[in-house]
Structures are given as C-alpha cells and as structure tokens.
Amino acid sequence: MRRSLIPAVAALVLCAACGAQDGSPPGAVTCESGPRTSLAAPGDTEWRHPDQSFYAPADQDVPTGGSLEHLLVRDNALIVQYSPQLPQPSIDALRDWAAMQTATVVVPGPADPVIRATLASTELTCDGVDMAQLTALASSRTPGQVTEHGNS
C-alpha cells in the first residue's frame, strides 16, 4: 500500500511546479467552466477505446475526436487535452495524475487553451495546469453512468 502512494505524492510535488504555461505560481492559473463543445470534426464517428490513460505529444496512436466523443457520451469519461508546449514537469505531472484517475484519458491537444478538460456536459479551460480543479471536475461525475454499447 505504501508504494502505491508514491506516484500520487510525486504528482502532488510536481504539481507545485505546474502553474501557468509561463511558469507562474500555481495560484495564478485561471480556469473557466462552461458548456462543452464537440471534440470531433464533422463526420468523425469512428471510435475505439484507448489503450492507455495518458498520451505523450510524440505518441502516434492518440485517440481520434470520434473516440473522444464516444468516451464522453457513452463511457462517462473525463477527457483532458493539454498543450504540447507545456514544460516537461507539467506533462509528467499530468501523466502521474491520469494514472490515479478512473475513466480519464489525457491527450495532447492544441496549444491554446493550455488545458481543456471535458465531461459529457461541461468543459473547463485553463491557462495552466491546476490539478485541484482537474480533480474537482473528475470527482463531479456520477459513478456508474455508462451506456451499454459493446467494445471496440
């Protein structure tokens, strides 16, 4: 049990250096919440369940917009898109945080916003990495609300 807490503690320590993209202190991160917008392009309806919960900027098999939409609507997942321009310690903190979450997939996204975290009905955009707000959003989901849909 003790060893399983080490990654979580490491993520919290790394998070102290997250802050905004420009390296400002964590308290300086500004996030806005609102209704979500689609993560898929028109006609992007093909989907598959991802093989992992975190994708690095250089990964080739990042889930498509159709896959991300499926996860939101059918699997009650949290999708976090991050700017590939984030400093490596922030990307590492997101990787460690994702490993501790349920039904969460973290993928590289556009450069702006720095963070876009999406649930089926809500979207949180931030100008930096704020683990407390990401965790609060992840915790706001109602467990067990998954629609039967088969596997792919």
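Look a little higher up for the structure.
What counts and what doesn't
Residues numbered from 1 in each chain as written. Predicted model: local features only at pLDDT ≥ 70, side-chain atom pairs only at ≥ 80, totals over all residues. Heavy atoms only, no water. Helix = DSSP H or I, 4+ residues; strand = E, 2+ residues; numbered from the N terminus. Buried < 20%, exposed > 50% of the residue type's maximum accessible area, 1.4 Å probe, protein only. Polar contact = N/O pair within 3.5 Å; in protein donor to acceptor, adjacent residues only side chain to side chain. Phe/Tyr/Trp six-rings, centres within 6.5 Å; stacked < 30°, edge-to-face > 60°. Arc of directions from axis to C-beta. Contact = heavy atoms within 4.5 Å.

A few words on the side chain of Glu123. When you line up the elements, Glu123 lands in strand E5 (residues 122-126). You can call Glu123 buried: its relative accessible area is 12%. At 3.1 Å, the side chain of Glu123 forms a polar contact with the side chain of Thr37. At 2.9 Å, the side chain of Glu123 forms a polar contact with the side chain of Arg116.

Evaluated as defined, the whole model comprises one aromatic pair. An angle of 10° between the planes, with centres 5.7 Å apart, marks the rings of Phe54 and Tyr82 as stacked. Within this pair, whereas Phe54 is found in the loop between strand E1 (31-35) and helix H2 (65-75), its partner Tyr82 is found in strand E2 (residues 78-82), the two being separated by 28 residues in sequence. Like Phe54, the residue Tyr82 is buried in the burial classification.

Within the sequence span of helix H4 (residues 131-139), burial applies to Met131, Leu134, Leu137 and Ala138. Axial view of H4: buried residues confined to an arc of 125°, hence all on one face. Set apart from the buried face of H4 by more than 90 degrees, the exposed residues are Ala132 and Ser139. Of the residues flanking the start of H4, the one acting as N-cap is Asp130, its side-chain oxygen 3.1 Å from the backbone nitrogen of Ala132.

For Cys126, the position within the fold is in strand E5. Note on Cys126: relative accessible area 4%, which makes it buried. If we ignore the near neighbours within four places in the chain, the residues touching Cys126 are Val29, Thr30, Cys31, Pro113, Val114 and Ile115.

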